[in-house]
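# Commentary on secondary and tertiary structure
What follows is the residue order along each chain.
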Amino acid sequence: MNLTISGHHLEVTPALRGYVTNKLERISRHFDQVVDIKVLLTVDNLKEKDLRQKAECNVHVKGRDLFAESVHADLYAAVDELADKLDRQVLRHKDKTQDHHHDTVKRLM
């Protein structure tokens, strides 16, 4: 699994990199066919303080590309929400692929 973490208008510190890595390990635990993960952390220069921190992620798994983004006032909270969204998408993709293969085996019997 290749993990790329980049920042736009912010420096990705080792603590932030470790936090993102720990949160996204959950995806690889649920589905072992994850090929590539690209994370983009952004700080927007908006006048209002709410929803300035944004986390985006592209996940390439076997057979599909998944995308999620999260916007929050705190970057760590945005990463938490992003990890939850990606986890749901990966589990849904895993269930669809397993159900599909289960039906073909069931028909052969």
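Residues numbered from 1 in each chain as written. Predicted model: local features only at pLDDT ≥ 70, side-chain atom pairs only at ≥ 80, totals over all residues. Heavy atoms only, no water.

## Comments concerning a positive patch on the surface
A cluster of basic side chains, namely Arg64, Arg88, Arg92 and Lys96, defines a positive patch on the protein surface. Position of Arg88 among the secondary structure elements: in helix 2 (residues 75–108). (Patch = residues over 30% accessible without salt bridge, like charges linked within 9 Å, V, L, I, M, F, W, Y side chains within 5 Å. Areas by Shrake-Rupley, 256 points an atom, 1.4 Å probe, with all protein chains shown as cover. Salt bridge = Lys/Arg side-chain N within 4 Å of Asp/Glu carboxyl O. Lys, Arg positive; Asp, Glu negative; His and termini not counted. Charge placed at Lys NZ, Arg CZ, Asp CG, Glu CD. Helix = DSSP H or I, 4+ residues; strand = E, 2+ residues; numbered from the N terminus.)

## Here we look at the side chain of Thr42
Mapped onto the secondary structure, Thr42 falls in strand 2 (residues 34–43). The residues touching Thr42, leaving out its near neighbours within four places in the chain, are His8, Leu10, Arg52, Gln53 and Lys54. (Contact = heavy atoms within 4.5 Å.)

## Thoughts on the nonpolar core
Val39, Leu41, Val59 and Leu86 are the most contacted members of the largest nonpolar core, which totals 23 residues. Those elements that provide at least two residues to this core are helix 1 (14–30), strand 2, strand 3 (53–61), strand 4 (64–72) and helix 2. With residues near it in sequence (within four places) discarded, Val59 still touches Val34, Asp36, Ile37, Arg64, Asp65, Leu66 and Leu86. (Core = buried A, V, L, I, M, F, W, Y, C linked by side-chain atoms within 4.5 Å. Buried < 20%, exposed > 50% of the residue type's maximum accessible area, 1.4 Å probe, protein only.)

## So, the sheet that holds strand 3
Pairing is mixed across the open sheet formed by four strands, whose spatial order is 1-2-3-4. With one partner strand each, in any of the chains shown, strand 1 (2–8) and strand 4 form the two edges of the open sheet. If you compare each strand with its neighbour and ignore which way they point, the axes differ by 10 degrees on average. Relative to strand 2, strand 1 runs parallel, the two being bridged by seven bridges. Opposite Thr4, over in strand 2, you have Lys38 as the bridge partner. Strands in contact with helix 1 are strand 1 and strand 2; relative to strand 2, the strand with the most contacts, it is inclined by about 140 degrees. (Pairing = 2+ DSSP bridges. Axes fitted to C-alpha atoms, helices over the stretch in contact; angles between N-to-C directions.)

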